[in-house]
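Report on the structure
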Amino acid sequence: MKKKQLGLLLAVPGLMLAISAQAHSDKEHMGKAENPDCAAMSTMDHSKMDMKDPVVMAMMQQCMSTMQHGSTEAESKAHGEQMTNTGKAGDHMQAPSQ
Amino acid sequence: MIAIKKGSCFKRLLVMAGAAVIGGVAFLYSGLYSMGADDPHYDVTTWALETLRESSIVRASQDIEVPSDLSSAERLLKGGADYNDMCAGCHLKPGKSQSDFTLGLYPSPPNLAVISRLDENETSIDQRNFWIIKHGIKASGMPAWAPGHDDTRIWNMVSFLKRLPDLTPAQYQILTARGKSDVVHH
């Protein structure tokens, strides 16, 4: 009986401590997470950007997926135009899904 | 004769000190001092409290070791997201000049998006910022973030503070957003 009480006395504060330690974890904020406005990067003057500046590097890192997607999209667009020009677009291009 | 004079002088000083202590305690219990945050201190009180605060922080933070990678992009990103969640409400962000907290808190929290302490030693600024974030400041509204936040996380915020005054609102938004970048899939 005493062991049970002792276990309970240790378990409750332990649980409270674990809950409080998680109170400010990164994941807690993910629910209300705002997405980076990477479109704003295109309006910035790239000639004035120092690519070794940690701020620029951090922004690139944040917007990596958008930029990669953008370049892939641009490449496929260019490829599509090329195919259209040669009259073979229908052979290679898939219909865009809705 | 001189010994008698010295004795009476000492007694007078003792009586005056006793009266000052009793007067001080009576003032504390009288409730006459205004504790409202909208009623500023006298200049001399502000001076005394600020001097006490600054001297204490300098002394307590002088031996803190500053990490060498404080300006890394990774630290900026991690610290930026935490700053936005935990600090921007009081210490503001680029493009914002006031909030309910800056208007109502006393002393008013400093606007860290515009403050740039170029005239001071960079290491001491980093040590100071780390200490304040970790331990907080008594009776100022600044909490100690040490419970629930390890040193690495606090250093990340210090890293972000170093660059915060240089950021535009657009750069701030990108650096502090926790979500993934918007990618429209077709």
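Model, not experiment: these values are computed from the prediction. (Residues numbered from 1 in each chain as written. Chains lettered and ligands numbered in written order. Predicted model: local features only at pLDDT ≥ 70, side-chain atom pairs only at ≥ 80, totals over all residues.)

1. Side note on the overall build of chain B
Helix and strand content of chain B: 8 helices and 0 strands. Secondary structure of chain B in N-to-C order comes out as α-α-α-α-α-α-α-α. Here the C-alpha atoms of chain B give a radius of gyration of 24 Å, more than 25% beyond the 16 Å that 2.2 N^0.38 yields for 186 residues. If one aligns the C-alpha atoms of chain B with their principal axes, the spans along those axes are about 100 × 35 × 30 Å. Each of the 186 residues in chain B was classed as buried or not, and the buried ones make up 25%. Excluding contacts between residues fewer than 6 apart, the proportion of contacts in chain B whose partners are at least 24 apart in sequence is 68%. (Helix = DSSP H or I, 4+ residues; strand = E, 2+ residues; numbered from the N terminus. Rg over C-alpha atoms; globule rule 2.2 N^0.38 Å. Buried ≥ 20, exposed ≤ 12 C-beta atoms within 10 Å, placed from the backbone. Contact = placed C-beta atoms within 7 Å.)

2. Thoughts on the overall build of chain A
A tally of helices and strands in chain A yields 5 helices and 0 strands. Its helices and strands taken in sequence order, chain A reads α-α-α-α-α from the N to the C terminus. Across the 98 residues in chain A, those meeting the buried criterion constitute 10%.

3. Observations concerning helix α2 (residues 43-61) of chain B
Here α2(B) spans 27 Å end to end across 19 residues, near enough to the 27 Å set by a 1.5 Å rise per residue. Little of α2(B) sits inside the fold, with 0 of its 19 residues counted as buried. (Expected span 1.5 Å × (residues − 1).)

4. Re unusual backbone geometry
Residue and element names in this part refer to chain B. P107 follows Y106 through a cis peptide bond whose omega is 0°. Among the structural elements, P107 can be located in the loop between α5 (100-104) and α6 (122-135). With a phi angle near 65°, L92 is a residue other than glycine that sits in the positive phi range. By the element assignment, L92 lies in the loop between α4 (88-91) and α5. At A139, a position not held by glycine, the phi torsion is positive, near 50°. Within the fold, A139 resides in the loop between α6 and α7 (151-163). The exposure class assigned to A139 is exposed, which follows from the 9 C-beta atoms found within 10 Å.

5. A closer look at the domain arrangement of chain B
The assigned domain composition of chain B is domain 1 (1-33) and domain 2 (43-176). Summarising the inter-unit geometry, the C-alpha centres of domain 1 of chain B and domain 2 of chain B are found 44 Å apart. (Domains from an automatic or database assignment.)

6. Notes on the confidence of the model for chain B
For chain B, the mean per-residue pLDDT works out to 92, and 91% of the residues sit at or above 70. Our summary of model confidence lists the complex with pTM equal to 0.74 and ipTM equal to 0.77. (pLDDT = per-residue confidence, 0-100.)

7. Some words on helix α3 (residues 54-62) of chain A
Along α3(A), the residues classified as buried are P54(A), V55(A), A58(A), M59(A) and Q62(A). For α3(A), the angular spread of the buried residues around the axis is 140°, confining them to a single face. Here the buried face of α3(A) lies against α2 (39-42) of chain A together with α3 (73-86), α7 and α8 (169-176) of chain B. (Arc of directions from axis to C-beta.)

8. What to know about the nonpolar core
Nonpolar side chains in soluble globular proteins generally cluster together in the buried interior. The biggest cluster of nonpolar side chains holds 31 residues, and the ones touching the most others in it are M59(A), M157(B), V158(B), I174(B) and L175(B). Among the secondary structure elements, those contributing two or more residues to this core are α3 of chain A together with α3, α6, α7 and α8 of chain B. When residues of this core are assigned to their parent elements, the largest contribution, 6 residues, is made by α7(B). Residue contacts for M59(A): discarding those within four places in its chain leaves M41(A), Q171(B), I174(B) and L175(B). (Core = buried A, V, L, I, M, F, W, Y, C linked by C-beta atoms within 7 Å.)

9. Looking at the packing of α3(B) against α7(B)
All names here are of chain B. Axis separation between α3 and α7 bottoms out at 7 Å; the angle between their running directions is 90°. One way to sum up the angle between α3 and α7 is to call them roughly perpendicular. Between α3 and α7, the residues in contact are R75, L76, K78, G79, G80, D82 and Y83 and R153, W155, N156, M157, S159, F160 and R163, respectively. When its residues are assigned to classes, the contact of α3 with α7 shows 5 nonpolar, 4 polar and 5 charged. (Axes fitted to C-alpha atoms, helices over the stretch in contact; angles between N-to-C directions. Parallel < 35°, antiparallel > 145°, perpendicular 65-115°, else oblique. Nonpolar A, V, L, I, M, F, W, Y, C, P; charged D, E, K, R; others polar.)

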